[in-house]
Amino acid sequence: ALLLSLIYTKPVNAAEFHFNDYDLAQDQTLNDNLYITSTNTNINGFVNGDLVVVAEKATITGTVSGDVYIIAQTASFTGNAYGNVYIIGDNINVEGNVKGNLDVIGNTVLSTAQIEKDFNNISANLNLRGAVGDDARLIGSNIYTQNTVGGDLITLSSKADTTGSTVRGKTYTYTDIKAIAKEQGVDWDAKISDAKAQTQETKLTNKIWGLLYSFVS
């Protein structure tokens, strides 16, 4: 009977949906997965679940127990996430603490966050100042880092300044990766050009490949 009562009283995250501007106050707690589509979203309280936001402007200063997914023109995450954080946006600012991985695709990215696991970035301009617990994989036109990386640091950029970083693993630059490809009989530049030419399905993939090609050419 005790076992059955424990099973039936175990809290299960449901789902809550909002389609207008949404604010979760600092003193509020939401025990659901939260899905928001709006112009402006502000999360200052505690989300006990996953957070999914599609907005023009998303500002997260609170705490999320699960994963965070943001698509926004302007995205600011200065809170705490106990899962992974995924952000796609034009201007992205990340502070606070991320217990999992941080993955970003954007135009301008500034990260001073403390990331316990991996950091994966595709952006035109990256300023990375927060610590990365494991690997950092960076693609961009302009990359600047001044931080600590617990694993490997991989950069694909013709303009990358990583001299201010302390890397406990190995560092692989764009030149290093081209040399590795050449040792295996692969023309890296031709490979990127072919991949870009063959990727024509959607505007988003075209834009990403276009950015990637401009970063490494």
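Counting of residues starts from 1 at the beginning of each chain's written sequence and follows it residue by residue. At least 70 in pLDDT is required for a residue's local features to be given in this predicted model, at least 80 for side-chain atom pairs to be given and counted, and no such filter applies to totals for whole chains, interfaces and linings, which use all residues. Working from all heavy atoms in the structure, the side-chain values ignore hydrogens and water.

Any details on the overall build of the protein chain? Residues and values, ideally.
Helix and strand assignments follow DSSP, with helices taken as H or I runs no shorter than four residues and strands as E runs no shorter than two, numbered in order from the N terminus. Broken down by element type, the protein chain carries four helices and 20 strands. Any residue under 20% of the maximum accessible area for its type is buried, any over 50% is exposed, and the rest in between are partly exposed; the area is computed with a 1.4 Å probe on protein chains only. Taking all 217 residues of the protein chain together, the buried fraction comes to 39%. For the protein chain, restricting intrachain contacts to residue pairs at least 6 apart in sequence, the fraction spanning at least 24 positions comes to 5%. Residues count as neighbours in contact if any of their non-hydrogen atoms are within 4.5 Å of one another.

Can you tell me about the environment of Asp27, naming the residues and giving the values?
By the secondary structure assignment, Asp27 is in the loop between strand E2 (22-24) and strand E3 (29-30). Assessed through its relative accessible area of 71%, Asp27 is described here as exposed. Between the C-alpha atoms of Asp27 and Phe46, which are 19 residues apart in sequence, the distance is 8.0 Å.

Can you tell me about the nonpolar core, naming the residues and giving the values?
To qualify as a nonpolar core, a set must consist of buried Ala, Val, Leu, Ile, Met, Phe, Trp, Tyr and Cys residues joined through side-chain atoms within 4.5 Å. The biggest cluster of nonpolar side chains holds 38 residues, and the ones touching the most others in it are Ile43, Leu51, Phe77, Ile87 and Phe119. Where this core is concerned, the elements lending two or more residues are E2, strand E4 (32-43), strand E6 (51-60), strand E8 (68-77), strand E10 (85-94), strand E12 (102-111), strand E14 (119-128) and strand E15 (136-145). Ignoring any residue separated from it by four or fewer positions in sequence, one finds Ile87 in contact with Ile70, Ala75, Phe77, Ile92, Val94, Asp103, Val104 and Ile105. Membership of the second largest hydrophobic core comes to seven residues, among which are Tyr174, Ile177, Trp188 and Ile192.

Run through the pattern of salt bridges, naming residues and quoting values.
For this document, the term salt bridge refers to a Lys or Arg side-chain nitrogen within 4 Å of an Asp or Glu carboxyl oxygen. Under the defined criterion, the tally for this structure stands at three salt bridges. Arg137 is paired through a salt bridge with Asp118; the nearest N and O atoms lie 3.3 Å apart. Of this pair, Arg137 sits in strand E15 while Asp118 sits in the loop between strand E13 (114-115) and E14, and the two are 19 residues apart along the sequence. Its relative accessible area of 33% is what places Arg137 among the partly exposed residues.

Account for the packing of aromatic side chains, with residues named and values stated.
Between rings of Phe, Tyr and Trp, where Trp is taken as its six-membered ring, a pair exists when centres lie within 6.5 Å; planes separated by under 30 degrees are stacked, by over 60 edge-to-face, and by other angles tilted. The tally for this structure, following the rule as stated, stands at two aromatic pairs. Pairing Phe17 with Tyr35 gives two aromatic rings, centres 4.9 Å apart and planes at 15°, and the pair type is stacked. You can see Phe17 sitting in strand E1 (residues 14-18) and its partner Tyr35 sitting in strand E4, a full 18 residues away along the chain.

Residue-level account of the confidence of the model for the protein chain, with values.
With 83% of its residues at a pLDDT of 70 or more, the protein chain has an overall mean of 88. On a range of 0 to 100, pLDDT expresses the predictor's confidence in each residue. Segment residues 1-12: pLDDT under 50, and zero contacts once partners within four positions in sequence are set aside and those in other chains are kept.

Can you tell me about the pairing of E4, naming the residues and giving the values?
Here E1 runs beside E4; their pairing, made up of five bridges, is parallel. In the sheet register, Ala15 faces E4, and the bridge partner there is Asn33. Strand direction decides the pairing type here: E2 and E4, joined by three bridges, are parallel. In the strand pairing of E4, Asp23 is matched with Asn42. Pairing between strands requires that DSSP locate at least two bridges from one strand to the other.

Can you lay out a nonpolar patch on the surface for me, pointing to particular residues and giving the numbers?
Within the patch definition used here, like charges are joined within 9 Å and nonpolar side chains (Val, Leu, Ile, Met, Phe, Trp, Tyr) within 5 Å, considering only residues with over 30% relative accessible area and no salt bridge. The protein chains shown are the only cover counted for residues, whose accessible areas, like all others here, come from Shrake-Rupley with a 1.4 Å probe. Taken together, the side chains of Phe17, Phe19 and Tyr35 define a hydrophobic patch exposed on the protein surface, amounting to about 360 Å² of accessible area. Among the residues examined, Tyr35 registers a relative accessible area of 32% and is labelled partly exposed.

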